[in-house]
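Understanding the architecture of this molecule
Single-letter residue listing:
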Amino acid sequence: MGGRQRLNRIIEKIIVFILFLATSISVIVTFSIIYIIFSEAIPFFKEVSIIEFLTDTQWTPLFTQKHYGILPLLVGTLLTSVIALAVAIPAGITIAVFLNEYVSSRVRNVVKPIIELLALVPTVVYGYFALLIVTPALQKIIPDLQSFNALSAGLVMGMMILPMIASLTDDAIKSVPRSLREAAYGLGATRFQTAFKVLIPAASYGIVAAIMLAIARAFGETMIVTIAAGQFPILTFDPRQPVETITAYIVQVTMGDVPHDSLEYRTVFAAALVLFILTSIATSLSFYVRRKMAMIKR
Amino acid sequence: MKKARIIDRLFGMMGWTVTVVSLFILALFIGVTLKLGLERLNLDFLLGYPSRFPEKAGILPALLGTFWLFVLTLIITVPIGVSAAIFLEEFMKPGKWATIIEFTIYNLSGVPSVIYGLLGLQFFVRWFGWGPTLISGAATLALLILPVVIVAAREALRAVPNTIREAALALGATRWQTVWHQVLPAAGPGIATGVILALSRAVGETAPILVIGAAGFIAFLPKGPFDDFTALPVQIFNWVSRPQHGFIVTAAAAIIVLLGLVFLLNGVAIFLRWKWQQRQKW
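Residues numbered from 1 in each chain as written. Chains lettered and ligands numbered in written order. Predicted model: local features only at pLDDT ≥ 70, side-chain atom pairs only at ≥ 80, totals over all residues.

Regarding the overall build of chain A
Rule in force here: Helix and strand definitions here come from DSSP, where helices need a minimum of 4 consecutive H or I residues and strands a minimum of 2 consecutive E residues; each element is numbered from the N-terminal end. Residue burial here comes from a neighbour count, namely the number of other C-beta atoms, placed from the backbone, that lie within 10 Å of the residue's own C-beta, with 20 or more meaning buried, 12 or fewer meaning exposed, and in between meaning partly exposed. Once C-beta atoms are placed from the backbone, any two residues with those atoms within 7 Å are in contact.
When helices and strands are counted, chain A shows 12 helices and zero strands. For chain A, the sequential pattern of α-helices and β-strands runs α-α-α-α-α-α-α-α-α-α-α-α. Across its three principal directions, the C-alpha atoms of chain A cover 75 × 70 × 35 Å. When burial is assessed residue by residue, chain A has 48% of its 298 residues classed as buried. Considering only contacts within chain A whose residues lie at least 6 apart along the sequence, 73% involve residues at least 24 apart.

Structure, rendered in structure tokens:
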């Protein structure tokens, strides 16, 4: 009896230790990502000065006349992301408010799952849509739109991110106490006033957290921009022009046959470092805001 | 007062417009793809091999590659993800360490998939010497969806009422026995739903697989985890990047298959969830 119990206790300890090891894998993965980026980025910055990297306006590591300025890739990433977010944030919040306050639950139960279908479509498929459907259609309105351009890549990326904003905003609005909503309607507020003067301010932490996640998502989106925005690292703010994002550059070089342990190969990791910093800031802010929200609720 | 009414109405109209336009665009995208691709979608296409000639090209190696990836990713990610979720929900005390791990998992879910690709390239392909094989691809995808699996499994575990745990503990069960015999079976369908949803995302992932070096043109079928491979999304990307019009049609046909797979997986997950809610006794 005593022996059996002791054996049980030892087995229990071993199992809990295995569970702990599984949990620690996420920490190991985090450090591995940081390690692989820095182990190639540091040798890169030994050959290229950080000043040149941050201020040079050309990015031509694969040409004979080499320049290592990240700005064209960074601006490409920001340009496509801003277009995407300019679509996804207003449209996502509008849909969330609309489905919550304006329509019957019957309509909501039909529309919501269909909107969420948008999030299931693989990004390579969105890239196909952007290149072969959206760009030709837009070219009829904007004649000097290039066949690879930041505009349609950004717009389609907005479609992809929209359901994420809509569903996280929906969660945030739903978590506002009923009493607040009923008080607003009781005082004679319209649906619009209730939504934008009571519910959204009360849900603002959740919505800000959602927007931060969407920003990280837009920065990191790869296939849509690789297919539809082009692979020409030109420094431009013109959405009609082709641009290259950091992510598209990573795909372009790793798919090619650049030898490992070369400076060209390391440019990928220097670019990835910038991307990793940007997305980490956005997700960390999102985490911070969510924690703050949880604390206030308590 | 009147102005407020008008704004209210206007926003309602805007809501309808935005919703209808979004649904219309989705319908348009799918409609155009179906119109282009359906004519190519036949048995020869599904069972054929890639070809330089678009009208002869098929997707069998890609389809099989995607199937292999699905199974291997499942095998790698489920034990790790569910174990981590059990530890975090059932054994870890809240505090500084719990917050740090939660922060880590949250941040990992925000890391772009292309960076997971770089991780896979450096670790699995180069250091481990696995090369651009199925196992490298599956391991990379498994790490990519791990945070999603952990979060989903935790939610399923949290949905199990505490009374079940308390009853088991009161009868003298140890904490692990409680988890293994009571909590895990009760949370099982919820976990399965989350895992399938996460895997449906992995099936459509392209960037990490491209980065680790999956080929876009493979004329043989992979026979084991250590074979080179291609996958459906990579095949689509390969065709989209070609100039001939014929490959646009082939890509559309492959997109129909990929969307069908992803929607089917989600349908299964939703069905499981629904079934579970019907059976739930608490």
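Let's talk about the overall build of chain B
Along its length, chain B carries 11 helices and zero strands. Along chain B, helices (α) and strands (β) appear in the sequence α-α-α-α-α-α-α-α-α-α-α when read from the amino end. Taken along its principal axes, the extent of the C-alpha atoms in chain B is 70 × 70 × 35 Å. Every one of the 282 residues in chain B was classed for burial, and the buried ones make up 46%. Across chain B, contacts joining residues at least 24 apart in sequence account for 75% of those joining residues at least 6 apart.

Quick look at the domain arrangement of chain B
The test is simple: Domain ranges listed in this record stem from an automatic or a database domain assignment. Classification used: nonpolar for Ala, Val, Leu, Ile, Met, Phe, Trp, Tyr, Cys and Pro, charged for Asp, Glu, Lys and Arg, polar for all others including Gly.
Examined at the domain level, chain B breaks down into domain 1 (2–40) and domain 2 (44–279). Among the residues forming the side of domain 1 of chain B that touches domain 2 of chain B, the class breakdown is three nonpolar, two polar and one charged.

Some details on the nonpolar core
Note the threshold: Structurally, a nonpolar core is described as a collection of buried Ala, Val, Leu, Ile, Met, Phe, Trp, Tyr and Cys residues joined by way of C-beta atoms within 7 Å.
Formed by 180 residues in total, the largest nonpolar core has its most connected members in Y128, V156, A214, I224 and A272 of chain A together with I236 of chain B. The leading source of residues in this core is helix 3 (residues 71–102) of chain A, at 18 residues. Apart from residues lying up to four places away in sequence, A214 of chain A is in contact with L85, A88, I89, I161, M164 and I165 of chain A.

Quick look at the interface of chain A and chain B
For an interface, size is often stated in terms of accessible area lost upon the parts coming together. At the junction of the two partners, chain A supplies 67 residues and chain B supplies 65 residues. Per-element accounting of the side of chain A that touches chain B gives the leading share, 17 residues, to helix 1 (residues 2–47) of chain A.

A few points about the environment of V134 of chain A
Within the secondary structure layout, V134 of chain A lies in helix 5 (residues 123–141). With 22 residues separating them along the chain, V134 of chain A and V156 of chain A place their C-alpha atoms 8.0 Å apart.

Some details on the environment of L265 of chain B
Within the fold, L265 of chain B resides in helix 11 (residues 245–279). The contacts of L265 of chain B, once residues within four sequence positions are left out, are I196, L199, S200 and V203 of chain B.

Focus: unusual backbone geometry
With phi around 65°, D261 of chain A is a residue other than glycine that occupies positive phi space. Structurally, D261 of chain A is set in the loop between helix 11 (246–255) and helix 12 (263–297).

Notes on the domain arrangement of chain A
All names here are of chain A. In terms of domain boundaries, chain A breaks down into domain 1 (2–47) and domain 2 (71–297). Facing seven residues of domain 1, the contacting portion of domain 2 comprises eight residues. Counted by class, the side of domain 1 that touches domain 2 contains five nonpolar, no polar and two charged residues.

What to know about the packing of helix 11 of chain A against helix 5 (residues 113–127) of chain B
Formally: Between the N-to-C directions of two axes lies an angle of 0 to 180 degrees, each axis being a line fitted to C-alpha atoms and, for a helix, fitted only over the stretch in contact. When an angle is under 35 degrees it counts as roughly parallel; over 145 it counts as roughly antiparallel; between 65 and 115 it counts as roughly perpendicular; any other value is oblique. A clockwise turn of the near helix away from the far one marks a right-handed crossing, whereas an anticlockwise turn of less than a right angle marks a left-handed crossing.
Closest axis-to-axis distance for the helix 11 of chain A/helix 5 of chain B pair is 10 Å, and the angle between their directions is 30°. Classified by the angle between their axes, helix 11 of chain A and helix 5 of chain B sit roughly parallel to one another. Between helix 11 of chain A and helix 5 of chain B the crossing geometry is left-handed. Note on element contacts: helix 5 of chain B touches helix 11 of chain A through V114, L118 and L121 of chain B, opposite T247, I250, V251 and T254 of chain A. Looking at the contact of helix 11 of chain A with helix 5 of chain B, its residues break down into five nonpolar, two polar and no charged.

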